[in-house]
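# Geometric and topological summary
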Amino acid sequence: MANVYTSADQIDFSIEEVKPMPVPRRVLMVKPTYFDVKYVINPHMVNQVGAVDTIQAKNEWEHLADGFRELGLEVLILDGERDLPDMVFCANQSLPFCDEQENRKVIMSIMHTEQRKEEVPYIEQWFRQNGYEIYHLDPQKVNDFEGMGDGIWHYKRQILWGGYGFRTSRNAYEQISDIFNVPVFTLELTDERFYHLDTCFCSLNEDSVLIYPSAFSDEGLQMIHRMYDNVIEASSYEAEKLFAVNAVCPDGKNVLIQQGSTDVNKKLRDHGFHVHEFSTYEFLKSGGSVFCLKLLLW
Ligand code: ARG
């Protein structure tokens, strides 16, 4: 079934036919000691250089780590590195994978911007020490790939949703599909404010997803509607200003989300989800929130 799908009419199977994937039990977080906005590489960072309150950022980060622990996830913590202010967004440097036999593998990212390339070896070293089988994309063929910023697993299934256009090259997914032997649905991103898939697509459970629809092409939206019965939509204000879609639902039931997303929260509750709100205002200044501050692991 390994293949790359670009439109709904190519999809000739249903989610139930895809191999199962274990539910993540651990998260990796990188300490925010050196977090700051020091350069501008996405539209959210404009006018934010030097504007981070570092004490507040640490409080927000600790509170989020406690939130994961309260849901029963083990939180693994890695030190940040001086001069790598975005390393705290540890969803971006890799794409981990676990199959039904609990074999753990990881593909390392090729960061799009010069400012973030040096983060990857630190995360790779962590995976080496933690028993993951490590893979690299062919840099002769693939320009960019930003890990779980753009590659998001369908809940409980070995199927990947792959965003491309701003930080990831579309052809990265051909190699990813081969390495992990999984189907990939590619989604073109069309609005630079939603530069990573995790800013506009949040996998909730096997048949539910939260999206910001205007960030996708028509082909992409058709694929999303083909695979999910339940597509919850965020408003432009909550998606852009509160990063409401950069939420995470690690267990198919509890959603951790930036605070204040009133409309999305109501829709989530109406569908039976439990909503847990967190302040990530300092990280919003850098263009990130709950989802990208952690890496889901097994
Ligand atoms: N300043 C970081 C960047 O532009 C933020 C990354 C946020 N991560 C995410 N997956 N949305 O790369």
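The sections below set out a description of the structure shown in this document.

Within the protein chain one finds eight helices and 15 strands. On C-alpha atoms alone, the protein chain measures out to a radius of gyration of 17 Å, which is about the 19 Å that the 2.2 N^0.38 rule sets for 298 residues. Each of the three principal axes of the protein chain carries a C-alpha extent, and together these read 50 × 45 × 35 Å. For the protein chain, with 298 residues in total, the buried portion stands at 62%. Of the roughly 11800 Å² that the protein chain leaves accessible, carbon and sulfur atoms contribute 43%. Side-chain charges of the protein chain comprise 27 positive and 46 negative groups, with the mean position of each set lying 4 Å from the other.

This part covers the sheet that holds strand β2 (residues 26–30). Strand pairing within a sheet occurs via backbone hydrogen bonds; the two strands may be parallel or antiparallel. Taking strand neighbours across the sheet as the criterion, the three strands line up as β3-β2-β15 in an open arrangement whose pairing is mixed. Sheet topology places β3 (74–78) and β15 (295–297) at the edges, where each strand pairs with a single neighbour. Here the strands of the sheet are splayed against their neighbours by 30° on average, with no regard to which way each runs. Relative to β15, β2 is paired through three bridges, and the arrangement is antiparallel. From the neighbouring strand, valine 27 faces β15, where its bridge partner is leucine 296. Contacts from helix α1 (residues 54–70) reach β2 and β3, with the element oriented near 170° to β2.

Before going further, it helps to examine the site of the ligand. Taken together, 17 residues are adjacent to the ligand, and Asn42, Arg116, Arg167, Asp198 and Ser286 come closest. Contact between the ligand and asparagine 42: an oxygen atom at 2.8 Å from a side-chain N or O atom of the residue. Side-chain polar atom of arginine 167 to an oxygen atom of the ligand: 2.8 Å apart, as the coordinates give it. A majority-of-atoms criterion places the ligand in the second largest cavity. The residue makeup of the shell around the ligand, split by class, is five nonpolar, eight polar and four charged.

Turning our eyes to something else, we now look at the nonpolar core. Grouped together as the largest cluster of nonpolar side chains are 108 residues, with contacts concentrated most on Phe68, Trp153, Trp161, Ile176, Phe201, Phe216 and Ile224. The element best represented in this core is α1, accounting for five residues. When sequence neighbours within four positions are dropped, the list of residues in contact with isoleucine 224 reads Trp161, Leu187, Phe201, Val209, Ile211, Phe216 and Val231.

A separate point is the sheet that holds strand β8 (residues 160–164). Here four strands make up an open sheet; going across it, the order is β1-β9-β8-β7 and the pairing mixed. The open sheet has two edge strands with one neighbour each: β1 (4–5) and β7 (151–153). Bridge analysis of β8 against strand β9 (residues 184–188) gives five bridges, and the strand direction is parallel. When the bridges of β9 are listed, glycine 163 appears paired with leucine 187. Sheet contacts for helix α4 (residues 172–180): β1, β7, β8 and β9; angle to β8, the most-contacted strand, approximately 160°. Against the sheet, helix α5 (residues 218–227) contacts β1, β8 and β9, and its axis sits at roughly 140° relative to β9.

A few words now on a nonpolar patch on the surface. A contiguous nonpolar patch, built from Val40, Val46 and Val49 and spanning about 230 Å² of accessible area, is present on the exposed surface. Secondary-structure assignment places valine 46 in the loop between β2 and α1.

So, on to the side chain of aspartate 150. Tracing the backbone through its elements, the reader meets aspartate 150 in the loop between β6 (133–136) and β7. One buried charged side chain, aspartate 150, makes no salt bridge at all; its nearest oppositely charged neighbour is arginine 167, positioned 7.2 Å away. At a separation of 2.8 Å, a polar atom in the side chain of aspartate 150 contacts the main-chain amide nitrogen of leucine 197. Ignoring sequence-local partners within four residues, the contact set of aspartate 150 consists of Trp161, Gly162, Gly163, Arg167, Thr168, Tyr173, Leu189, Tyr195, His196 and Leu197.

Conventions and cut-offs
Residues numbered from 1 in each chain as written. Predicted model: local features only at pLDDT ≥ 70, side-chain atom pairs only at ≥ 80, totals over all residues. Heavy atoms only, no water. Helix = DSSP H or I, 4+ residues; strand = E, 2+ residues; numbered from the N terminus. Rg over C-alpha atoms; globule rule 2.2 N^0.38 Å. Buried < 20%, exposed > 50% of the residue type's maximum accessible area, 1.4 Å probe, protein only. Areas by Shrake-Rupley, 256 points an atom, 1.4 Å probe, with all protein chains shown as cover. Lys, Arg positive; Asp, Glu negative; His and termini not counted. Charge placed at Lys NZ, Arg CZ, Asp CG, Glu CD. Pairing = 2+ DSSP bridges. Axes fitted to C-alpha atoms, helices over the stretch in contact; angles between N-to-C directions. Contact = heavy atoms within 4.5 Å. Near = heavy atom within 4 Å. Polar contact = N/O pair within 3.5 Å; in protein donor to acceptor, adjacent residues only side chain to side chain. 1 Å grid on protein atoms, 1.4 Å probe; cavity = no way out; pocket = protein on both sides within 12 Å on 5 of 7 lines; lining within 4 Å. Sits in = over half its atoms within 2 Å of the grid points. Nonpolar A, V, L, I, M, F, W, Y, C, P; charged D, E, K, R; others polar. Core = buried A, V, L, I, M, F, W, Y, C linked by side-chain atoms within 4.5 Å. Patch = residues over 30% accessible without salt bridge, like charges linked within 9 Å, V, L, I, M, F, W, Y side chains within 5 Å. Salt bridge = Lys/Arg side-chain N within 4 Å of Asp/Glu carboxyl O.

So, to be careful, I would describe these as geometric facts and stop short of saying anything about function.
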